[in-house]
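Topology and contacts: notes
Chain by chain, the residues run as shown.
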Amino acid sequence: MAPTSDANAKISFPGILASSAFAACFAEICTLPLDTAKVRLQLQKKVVEGDGMGQPKYRGMLGTVATIAREEGLSSLWKGVVPGLHRQCLFGGLRIGLYEPVKAFYVGKDHVGDVPLSKKILAALTTGAVGIMIANPTDLVKVRLQAEGKLPPGVPRRYSGALNAYATIAKQEGFAALWTGVGPNIARNAIINAAELASYDQIKQTILKLPGFSDNVVTHLFAGLGAGFFAVCIGSPVDVVKSRMMGDSAYKSTLDCFIKTFKNDGPLAFYKGFIPNFARLGSWNVIMFLTLEQAKKFVRRIESS
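1. A look at the overall build of the protein
Check the secondary structure of the protein and you find ten helices and zero strands. Counting helices and strands in the order they occur from the N terminus, the protein gives α-α-α-α-α-α-α-α-α-α. Counting every position in the protein, which comprises 305 residues, the buried fraction comes to 48%. Roughly 14300 Å² of accessible area belongs to the protein as shown, and the carbon and sulfur atoms make up 68% of that amount. Side chains of the protein carry 35 positive and 22 negative charges; the gap between the two charge centres is 2 Å.

And the structure:
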């Protein structure tokens with residue numbers, strides 16, 4: 001169901017937040033292995049000829065998934081699942097749940113007719129930025145846990161778990177360090193949120209005008225995949241910068257990370273992990289929107305009974 005559906009008005013705001021958070025968490029669990037593969041590919045530095053390093057460790061989405069599972073165990077593909085769920089409860093619930101009221105605020109109470117695409121984009125940019133400003137510590141911890149590969153025998157891990165990671169980062173690096181990378185993270189998530197929600201609305205609206213299509217699973221599937229592809233095309237560069245800043249403290253700023261990545265790895269580095277990123281975002285959007293619709297139906301029945 002598109003975020004602009006009239007069905008939203010029949011559900012309370014807490015119900016919308018709960019439905020959004022549940023749908024986002026379910027999609028996170030289903031697609032986290034692809035996200036782990038994406039992070040590893042993005043953090044992998046370019047191999048320099050003659051440096052003795054040989055071929056890159058991770059090659060392609062399926063190759064990366066297979067390598068992680070073989071060397072570190074299948075459960076390693078779900079590294080960061082706890083902070084990932086923390087993130088989706090906060091960020092997923094806020095960005096989707098706040099979308100309708102923020103959009104209504106931008107168009108004004110006297111607005112009549114279809115909401116302009118520009119207002120949809122502005123509303124999604126706003127909710128994406130606000131949501132991730134609050135949820136950034138969960139994103140940081142998730143990336144840190146995902147970035148840790150198989151360690152040599154006797155070498156302890158930096159963090160024993162998600163809660164330990166929050167405490168360790170705050171203690172060793174300062175409380176403000178939990179918001180490391182918040183700049184590119186706001187840019188990435190605001191942009192991707194706008195791409196997802198606005199494009200989902202537009203694609204679904206277009207599909208429903210075609211003969212033979214109705215508001216069903218097939219329509220949601222195509223709209224979700226389209227939204228995911230559009231979001232990845234726009235958001236990949238800032239996503240790579242965000243992952244590198246959170247996974248490596250060597251970068252001084254967002255601009256420094258961008259320049260060094262461009263200089264050392266070339267422009268195509270900003271689209272590293274594009275296929276796993278699209279596989280993740282495409283499937284994530286499909287699962288999330290389908291689950292969201294069912295969750296809203298469930299909440300609607302409870303509230304009307």
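2. Structural notes on the nonpolar core
Soluble globular proteins: nonpolar side chains tend toward being buried together. Counting residues in each nonpolar core, the largest one holds 17 residues, and the members touching the most others are Met288, Phe289 and Leu292. Residues Val39, Leu145, Tyr159 and Tyr166 belong to the second largest nonpolar core, which totals 14 residues.

3. Thoughts on a nonpolar patch on the surface
On the surface, Leu90, Val130, Met133 and Ile134 cluster together into a nonpolar patch covering about 330 Å² of accessible area. The dominant element in the nonpolar patch, judged by the number of residues it contributes, is helix α5 (residues 117-147), at three residues. Examined against the element boundaries, Met133 turns out to sit in helix α5.

4. Remarks on the packing of α5 against helix α7 (residues 182-208)
Packed helices, taken two at a time, are described by the angle their axes make and the gap between the axes. At their nearest, the axes of α5 and α7 sit 7 Å apart, and the two run at 140° to each other. Taken together, the axis directions place α5 and α7 in an arrangement best described as oblique. The interaxial crossing formed by α5 with α7 has right-handed handedness. The class makeup of the residues in the contact of α5 with α7 is 14 nonpolar, eight polar and three charged.

5. Structural notes on empty space enclosed by the protein
Applying the stated criterion to the full structure yields one cavity of 30 Å³ or more. Taken as a whole, the largest cavity spans an internal volume of roughly 230 Å³. In terms of lining residues, the largest cavity is bounded by 20 residues, among which Arg87, Gln88, Arg188, Asn189 and Leu281 are the most central. Broken down by element, the residue count for the lining of the largest cavity peaks at five residues, all from α7. A breakdown of the residues in the lining of the largest cavity according to their chemical character gives six nonpolar, four polar and ten charged.

6. Notes on the environment of Leu290
Note that Leu290 resides in helix α10 (residues 274-304). Counting along the chain gives 103 residues from Leu290 to Ala187, while the straight-line C-alpha distance between them is 26 Å. Sequence-distant contacts of Leu290, defined by excluding residues within four places in its chain, comprise Val217 and His220.

7. Thoughts on the confidence of the model for the protein
Scored by pLDDT, the protein comes out at a mean of 83, with 91% of its residues at no less than 70. By mean pLDDT, the top-scoring element of the protein is helix α6 (residues 162-173) (91), and the lowest-scoring one is helix α8 (residues 217-247) (81). The low-confidence segment residues 4-9 (pLDDT under 50) makes twelve contacts with residues lying over four places distant or belonging to another chain.

About the thresholds
- Residues numbered from 1 in each chain as written.
- Predicted model: local features only at pLDDT ≥ 70, side-chain atom pairs only at ≥ 80, totals over all residues.
- Heavy atoms only, no water.
- Helix = DSSP H or I, 4+ residues; strand = E, 2+ residues; numbered from the N terminus.
- Buried < 20%, exposed > 50% of the residue type's maximum accessible area, 1.4 Å probe, protein only.
- Areas by Shrake-Rupley, 256 points an atom, 1.4 Å probe, with all protein chains shown as cover.
- Lys, Arg positive; Asp, Glu negative; His and termini not counted.
- Charge placed at Lys NZ, Arg CZ, Asp CG, Glu CD.
- Core = buried A, V, L, I, M, F, W, Y, C linked by side-chain atoms within 4.5 Å.
- Patch = residues over 30% accessible without salt bridge, like charges linked within 9 Å, V, L, I, M, F, W, Y side chains within 5 Å.
- Salt bridge = Lys/Arg side-chain N within 4 Å of Asp/Glu carboxyl O.
- Axes fitted to C-alpha atoms, helices over the stretch in contact; angles between N-to-C directions.
- Parallel < 35°, antiparallel > 145°, perpendicular 65-115°, else oblique.
- Left-handed = near helix turned anticlockwise from the far one by under 90°.
- Nonpolar A, V, L, I, M, F, W, Y, C, P; charged D, E, K, R; others polar.
- 1 Å grid on protein atoms, 1.4 Å probe; cavity = no way out; pocket = protein on both sides within 12 Å on 5 of 7 lines; lining within 4 Å.
- Points joined across faces, edges and corners; volume = space filled by probe spheres on them.
- Contact = heavy atoms within 4.5 Å.
- pLDDT = per-residue confidence, 0-100.

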